[in-house]
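Structural description and commentary
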Amino acid sequence: MLRSSKLSEDWVVVILGAAIILLALAGIIIPKPSFGWDSGEQFTSKVLSSDNLYRVLQQFALTFAIAIMGAILLKKPLKSLVIVFPIVFLLTIVALAIAGNNWIQEYNLEAVIFSLGIGLAISNLFRLPDWFKESLNTELYVKIGLVLLGTTVIFRDILKAGSLGLIQALVVVISVWYFAFWICKKLKIDKEMSLMLSSAVSICGVSAAIATSGAIQGDSKKLSYVISLVLITAIPMMIFMPYMADWMGLSQEVTGAWLGGSIDTTGAVVASGSLVGEEALKISTIVKFSQNVLLGIAAFCISVYWTYSKSVDDETKREKPTLRIIWERFPKFVVGFVAASLLFSFVVPQVQIDAVKDSLKSLQGLWFVLAFTSIGLETNFKDLFQHNNKKPLYAFLIAQTFNVIVTLVIALILFR
């Protein structure tokens, strides 16, 4: 029997992500739009300025073209996509504009939570037709964002920053990940949720949860639940941990290492470190970046583990699955993620990285927010909050408490 010539979604994602990166490196750079504002006047003059709207339009043209190319490669119908994608993009821009408000940024409420909320509100207030929901390419958008995320995971920066941050990141990530996974197992939480939750707590919050979900082809509703936990717990940690550090009489170096290793989102780490001082901000950023670098390694290891375990099915359980079976089921977008990270870490000159990094970072975030708008539009509230036994919440809080304690001990040992 002849195999279908249709490419798998993961290979299509690698192609599309590579196309965006190569266009940027070739000099076709989409300027980063600005969504920051603190008053109606500033919103009009800055966010709605003709120059900024032109930047948004450029991003729309690129992402729309990539979405169409993806549909062609995957042999999906274009007619509904041409209608649906502009609507999803517009809702996504609204979410980015809301998240850009200075008051909201102080609480580190990321755009993904607003895009999810907008999508949920529409899908629960209105009955969307099936053809509309079928055109929501959530997985495609998430994985393109993950390939682009590889361009921000720069090993070279961590090597320059020093060994202490990397040592702390290694110890914290490994110990907290295994503890969180063990807690989930004790509470009899399913393995899919356990992997996403453990990665979110131990590595870098939202990005780690998304990367893990992509690696294991996880349920988007479970992913949304984990990300909600990350963002909700980051707010009180960001506010109260600097005061706890001051009460305990910790130095700025120790405080920075503690904040960077235990708070799950980079934005919250920066905000919290800024409350303490310049040295705390520097150390906290180094430690958080060190954890971010480990995301690529963690995603690869989780992919191998998940692929191997899933390969032991009815056909192969009597003998070990072959390398061919494992490779066929391995999520290929991880190859794109790692390749992008290695390319930007050791091949692309720093001058060129500086020229393209803001554009690629903005596009990476945009693909993630597009994905969460899509998740909201295809989800009912009862589906999102179906975990009424609260076990994932308990596991997350226990693991986060362990994370805070272990990170403090390690910070005291390494940075005192």
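Located above this text is the structure these notes cover.
Residues numbered from 1 in each chain as written. Predicted model: local features only at pLDDT ≥ 70, side-chain atom pairs only at ≥ 80, totals over all residues. Heavy atoms only, no water.

1. Considering the overall build of the protein
The number of helices and strands found in the protein is 21 helices and zero strands. A buried classification covers 54% of the 416 residues belonging to the protein. The contacts of the protein with a sequence gap of at least 6 include a subset with a gap of at least 24, amounting to 80%. For the protein, the accessible area works out to roughly 19200 Å², and carbon and sulfur atoms hold 65% of it. (Helix = DSSP H or I, 4+ residues; strand = E, 2+ residues; numbered from the N terminus. Buried < 20%, exposed > 50% of the residue type's maximum accessible area, 1.4 Å probe, protein only. Contact = heavy atoms within 4.5 Å. Areas by Shrake-Rupley, 256 points an atom, 1.4 Å probe, with all protein chains shown as cover.)

2. Digging into the pattern of salt bridges
Taken as a whole, this structure holds six salt bridges when the rule is applied. In this structure, the salt-bridge partner of Lys357 is Asp354, at a minimum N-O distance of 3.7 Å. Within this pair, Lys357 and its partner Asp354 are both found in helix 19 (residues 350–377), separated by three residues, close to a single helical turn. Taken together, the shared-partner salt bridges in this structure form one network comprising Glu9, Asp10, Glu139 and Lys143. (Salt bridge = Lys/Arg side-chain N within 4 Å of Asp/Glu carboxyl O.)

3. Concerning the nonpolar core
Residues Ile20, Phe85, Ile144, Ile210 and Ile227 are the most contacted members of the largest nonpolar core, which totals 110 residues. It is helix 19 that provides the largest number of residues to this core, a total of 13 residues. Leave out the neighbours within four places in its chain, and Phe85 touches Phe60, Thr63, Phe64, Ala67, Tyr141 and Leu370. Counting 19 residues, the second-largest nonpolar core is a separate cluster that includes Met241, Trp258, Leu259 and Ile263. (Core = buried A, V, L, I, M, F, W, Y, C linked by side-chain atoms within 4.5 Å.)

4. Notes on a nonpolar patch on the surface
Where nonpolar side chains cluster on the molecular surface, the patch consists of Leu164, Ile167, Leu170, Val171, Ile174 and Tyr178 and spans about 530 Å² of accessible area. Residue placement: Leu164 occurs in helix 10 (residues 163–186). (Patch = residues over 30% accessible without salt bridge, like charges linked within 9 Å, V, L, I, M, F, W, Y side chains within 5 Å.)

5. A look at the packing of helix 8 (residues 138–149) against helix 12 (residues 206–216)
Closest axis-to-axis distance for the helix 8/helix 12 pair is 10 Å, and the angle between their directions is 120 degrees. The orientation of helix 8 relative to helix 12 falls into the category oblique. You can see that helix 8 and helix 12 cross each other, and the crossing is left-handed. Counted together, Val142, Lys143, Leu146 and Leu149 of helix 8 and Ser207, Ile210, Ala211 and Gly214 of helix 12 form the full contact between these two elements. The residue makeup of the contact of helix 8 with helix 12, split by class, is five nonpolar, two polar and one charged. (Axes fitted to C-alpha atoms, helices over the stretch in contact; angles between N-to-C directions. Parallel < 35°, antiparallel > 145°, perpendicular 65-115°, else oblique. Left-handed = near helix turned anticlockwise from the far one by under 90°. Nonpolar A, V, L, I, M, F, W, Y, C, P; charged D, E, K, R; others polar.)

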